[in-house]
Structure formats: structure tokens, C-alpha cells
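Take a look at the letters that make up each chain.
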Number of protein chains: 2
Amino acid sequence: MAGKVFFSVSMSLDGFIAPDSHAVGLRAMDSFFEPGKQDDPDVRRWLAQWGELQQWLFPLRFFQENLKLGEGGEEGLDNDIAKDTFERTGASVMGKRMFDLGERSWPREAPFHTPVFVVTHTERAPWERPGGTTFHFVDDGIEHAVDLARAAAGDRDVRIAGGGATILACLNAGLVDEFSIALAPVLFGAGTRLFDGVDASRIALEPIRSEPSPRVTHLTYAVHAR
Amino acid sequence: MAGKVFFSVSMSLDGFIAPDSHAVGLRAMDSFFEPGKQDDPDVRRWLAQWGELQQWLFPLRFFQENLKLGEGGEEGLDNDIAKDTFERTGASVMGKRMFDLGERSWPREAPFHTPVFVVTHTERAPWERPGGTTFHFVDDGIEHAVDLARAAAGDRDVRIAGGGATILACLNAGLVDEFSIALAPVLFGAGTRLFDGVDASRIALEPIRSEPSPRVTHLTYAVHAR
């Protein structure tokens, strides 16, 4: 049985999944290894907003273990959801902009532990990381990337990992079966909007689950054509 | 004891509280009494989106009774929340654009049953409706309108009824203590965004409640300065 295609993101209450802007984000990711760059006020703001958006993830047992940050961590609903999102994923599809951010900041054991298909415009040989993550670069379109991910995932699901433009292209192309949002109690005011440019006239949502945790509200919808 | 200042709106998952555009909305409200206008495809789309956003309200016992549409209707969480929102409200503040929409469509017994302070730029005598709703027109600023509403509300709360620009002006001015969103499973793609222009750097949100119903997710946040 073929798996589903889904995405799962943290979103601010005003609809953003990344702070403003991508260029600042690249400098922010570099700053992990060149701490002098954290003197840049834009970088500090980017990292602070990113931290607020993702703050529900950091203390979780799953997050700590997957990134080998340490033993322990919190259990409960947030942890169950983060762990289930990881375990259901047999392969991921990722845009080049998200890859560029991650290439600067993932540990050597990148946190996917599955094939990842990166949608790009240039050829590049597969990049194999320790721990089971291999990045494959797909230069002939997002639909082909999703097809390759489906084949690689077997009976597990395909996660559209991000960023915003890649998720939106998949949603508008009718490739997404289901999505989850961890709605965070924060306002960004600017940044990458999840649904900017969505073809609203062709997409109907069916609410599947809504589960509050103390830190975020987990929302899941099935996507139907209308 | 003084009450709180709050707002309570239905919002699409992509952040809109009214369809595009206000001009079409005015035609849509007129169309209740001139059905020929519903042949306009923009008006049909506006009414369809408005209906999807507010669909959780229409079947409720409170909604049916308050608008004298009939006996009966659904009870449960959605009804409790709609009823509590009404009962806590001792006075409302409303922008002129929302008033213009409502003046075309409210029944003679307007559904507020309290004083309503309309923020406007022109003088107008109070407009008293049967059933206890009196619209007062305030032409010297939103803060004065909120002050007048506070005084009129006594120990009950002041609701910033809408529309988007008025809610945002109150939020950015630090006048809002708390707000609730009924997050609807619908995408608009365009329209009036609730948080467009929010001063995100000065507002911190504290999650108070998150309650899923089968139709929407009810989210409540306290607003703090940061």
C-alpha cells in the first residue's frame, strides 16, 4: 500500500513558517560556527523568532535523541507527535532554499535518516551522510521529486519537508494528501508565509485532528480537490 | 472592577477574517434585499467564503435565538462559547467599515443588545434600535471610543467587534487584554488579514485556552507588552 504525501510545520499565529528573510537566515545558520556573526541585530532577531516558533520541539526526548544532544527530555503529547512524524516518514522532499539553510547547520548525522530528494536546478551527485540520510538532487521538477520519494518510501509516507515555496508548489499541484501545523503563540509580522499564493478556489480542507498541548496547538487537515 | 478589552473573530487557516473585498462585501450585504445582485459571481464567491468562515455559528441555539431565527438549534461547546462571548460583553467598539456592512444586513433588532461605539470621521446622532442596541458615533479617535465603551460596560467586558483595521489599531495601541479566534478549516487566499501590519516586536502572546470542536478550533490568548 502506498503511503501518503504530507507536510508538518510550525507556524506563527499570523501564518509565518520562517522569519524574515532567507538571506538573514543563511547568515544566522553560519553564525552557529562563526559566533561573531551573532552581533548582527538582524541575525539575533531571526534566531530569536526561529527559537520561539520551534520552542515546543527543543525540550522533547525525541528531539534530544535524534540530534544526539543528550539523554532524557520531555515525554507526552508533543513528544509523541514529533516521534510519530519522524517514524511515518520513509523519504522527504525538500526545496533548495531549505537545503541551503540546513547544509550550514545540520550535524554530520543529518536528522532525516532516510533518502531526501532536493528540488534544484543544477546537477549534483548524491550526498551521503552517516546515519542513513542521503540527499539526492532532482533537477527535472517537483512532481518527479515526489515520485522518486514515493518509490523510496515504500509503504511509509513522504514528507514535504519545506521550505514554504516547495510546500506551496506541492499543495497547488494537488500532490499533498494531508498536513499538520503546530500553531505557535507568537506573531512574526513578516517572513515566509505558509499559504502565500495558495490556490484557495481549488482546495478544500477536512479537519482531522486538533490537539492542544501547553506550548502549541497541533492541527491536522486532509486536503481534497474542490 | 473594570472589565477586559477583547476581540473574538472567526479566522481562515491562512489568516483572513473577511473575504476580498470590502466593496464586494457591501454589494453582498445589499443582495439580501435585492436578490438580483446575487447573480454577480464576485458576490456569490464573497457570500460562499463568508458562509464557510461563519458556518460554525449558524446552527447554534444561541445564534438562532439571538437573531430570532427560530427555536431550537445545537447545544454544546460551540454554543457555550458563542453565548459566553455575548454575555460577557457590556459594550462594543466597531469600525465604520464593519458598521457599513452591518447597517445593510442586521435585522431591526440588531444583535448586540448593548451600546456600540462606532469609530468614524463624521458626526452622527446616536441610532437607537429596538432590543437595546444603540450605536454611538465617535469622531475623536479609537482610544476615546474604547474609554466610552469601558464606562458603558461597567464590570462587563468591552468587545472590539471589528473590522480588521479597528482590531489591529487597538492591538497595536496596547488596548487589547485578550482575544479569541475560531480557526476555521478553510483557505481564502485573499481578503482582510487579521494581523496585517501587527507590531510584532512589541506584542507577546500567552496561550490561555485551545478547545477543538468538530467545526473549528477555539484559541484564546492574553496579550502582553514585550
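Residues numbered from 1 in each chain as written. Chains lettered and ligands numbered in written order. Predicted model: local features only at pLDDT ≥ 70, side-chain atom pairs only at ≥ 80, totals over all residues. Heavy atoms only, no water.

(A) Spatial organisation of the overall build of chain A. Scanning chain A from terminus to terminus reveals seven helices and eleven strands. By the compact-globule yardstick of 17 Å for 226 residues, chain A fits well, its C-alpha radius of gyration being 17 Å. With respect to the principal axes defined by its C-alpha atoms, chain A has extents near 45 × 40 × 35 Å. Relative to its full complement of 226 residues, chain A shows a buried share of 50%. Within chain A, contacts between residues separated by at least 24 positions form 64% of all contacts whose residues are at least 6 apart in sequence. Here chain A has roughly 10200 Å² of accessible surface; of this, 51% comes from carbon and sulfur atoms. Taken together, the 23 basic and 33 acidic charged side chains of chain A have centroids lying 2 Å from each other. (Helix = DSSP H or I, 4+ residues; strand = E, 2+ residues; numbered from the N terminus. Rg over C-alpha atoms; globule rule 2.2 N^0.38 Å. Buried < 20%, exposed > 50% of the residue type's maximum accessible area, 1.4 Å probe, protein only. Contact = heavy atoms within 4.5 Å. Areas by Shrake-Rupley, 256 points an atom, 1.4 Å probe, with all protein chains shown as cover. Lys, Arg positive; Asp, Glu negative; His and termini not counted. Charge placed at Lys NZ, Arg CZ, Asp CG, Glu CD.)

(B) Inspection of the relation of the copies chain B and chain A at higher detail. Relative to chain A, chain B is turned by 180 degrees and slid 0.0 Å along the rotation axis, the superposed coordinates differing by an RMSD of 0.0 Å. These values place the two chain copies in the arrangement generated by a two-fold rotation axis. No C-alpha of chain B approaches the rotation axis more nearly than that of Gly15(B), which lies at 3.2 Å. A shared interface surface links the copies, since 100% of the contact residues of chain B are contact residues in chain A too. (Least-squares fit on C-alpha atoms with pLDDT ≥ 70 in both.)

(C) The arrangement of the sheet that holds strand β8 (residues 178-184) of chain B in detail. Residue and element names in this part refer to chain B. What the nine strands build is an open sheet, ordered β5-β6-β4-β3-β7-β1-β8-β11-β10; its pairing is mixed. The open sheet has two edge strands with one neighbour each: β5 (127-128) and β10 (203-212). Packing of helix α7 (residues 164-172) onto the sheet brings it into contact with β1 (5-12), β3 (89-95), β7 (157-162), β10 and β11 (217-225), and relative to β7 it is tilted by some 135 degrees. (Pairing = 2+ DSSP bridges. Axes fitted to C-alpha atoms, helices over the stretch in contact; angles between N-to-C directions.)

(D) Layout of the interface of chain B and chain A. Counting from both sides, the interface comprises 27 residues of chain B and, opposite them, 27 residues of chain A. At the boundary of chain B with chain A, total buried surface from both sides reaches about 2200 Å², with 67% on carbon and sulfur atoms. Three residues, Leu13(B), Pro185(B) and Leu187(B), lead the burial of chain B against chain A; their summed loss comes to 28% of the area buried on that side. If you look at where chain B meets chain A, you find two salt bridges. Residues Glu52(B) and Arg226(A) are paired through a salt bridge, measuring 2.9 Å at the closest nitrogen-oxygen approach. Sorting the residues of the side of chain B that touches chain A by element identifies β8, β10 and β11 of chain B as the ones contributing at least two each. With five residues, β10(B) is the largest single contributor of residues to the side of chain B that touches chain A. Broken down by class, the residue content of the side of chain B that touches chain A amounts to 19 nonpolar, three polar and five charged. (Buried area = accessible area lost by both parts, 1.4 Å probe. Salt bridge = Lys/Arg side-chain N within 4 Å of Asp/Glu carboxyl O. Nonpolar A, V, L, I, M, F, W, Y, C, P; charged D, E, K, R; others polar.)

(E) Highlighting the pairing of strand β4 (residues 115-119) of chain B. All names here are of chain B. Across the five residues of β4, four count as buried, placing the element largely inside the fold. Strand direction decides the pairing type here: β3 and β4, joined by four bridges, are parallel. Each residue of the ladder has a partner; that of glycine 95, found in β4, is valine 119. As paired elements, β4 and strand β6 (residues 134-138) share five bridges and run parallel to each other. Pairing of valine 119 across the sheet is with valine 138, part of β6.

(F) Local environment of the packing of helix α1 (residues 22-30) of chain A against helix α5 (residues 96-103) of chain A. Residues and elements named next belong to chain A. Axis separation between α1 and α5 bottoms out at 8 Å; the angle between their running directions is 25 degrees. When the interaxial angle is binned, α1 and α5 end up roughly parallel. The residues of α5 that touch α1, namely those facing His22, Gly25, Leu26 and Met29, are Arg97, Asp100 and Leu101. Of the residues in the contact of α1 with α5, the class split is three nonpolar, two polar and two charged. (Parallel < 35°, antiparallel > 145°, perpendicular 65-115°, else oblique.)

(G) Structural detail: helix α4 (residues 77-88) of chain A. With twelve residues, α4(A) should reach 16 Å at 1.5 Å per residue; the first-to-last C-alpha distance of 16 Å fits that figure. Among all positions of α4(A), only Asp78(A), Asn79(A), Ile81(A), Ala82(A), Thr85(A) and Arg88(A) are buried. (Expected span 1.5 Å × (residues − 1).)

(H) Fine view of the packing of aromatic side chains. One pass over the full model with this rule turns up 30 aromatic pairs over all chains. Ring geometry for Trp46(B) against Trp50(B): centres 5.3 Å apart, planes inclined by 20 degrees, an arrangement best described as stacked. Of this pair, Trp46(B) and Trp50(B) both sit in helix α2 (residues 41-54), four residues apart, roughly one helical turn. Taken together, the aromatic side chains of Phe99(A), Trp106(A), Phe112(A), Trp127(A), Phe135(A) and Phe137(A) make up a single cluster linked through ring pairs. Positioned above the aromatic ring of Phe6(A), the side-chain terminus of Arg88(A) is 3.8 Å from the ring centre. Just above the ring of Trp127(B) sits the side chain of Arg124(B); from NZ or CZ to the centre is 5.5 Å. (Phe/Tyr/Trp six-rings, centres within 6.5 Å; stacked < 30°, edge-to-face > 60°. Lys NZ or Arg CZ within 6 Å of the ring centre and 35° of its normal.)

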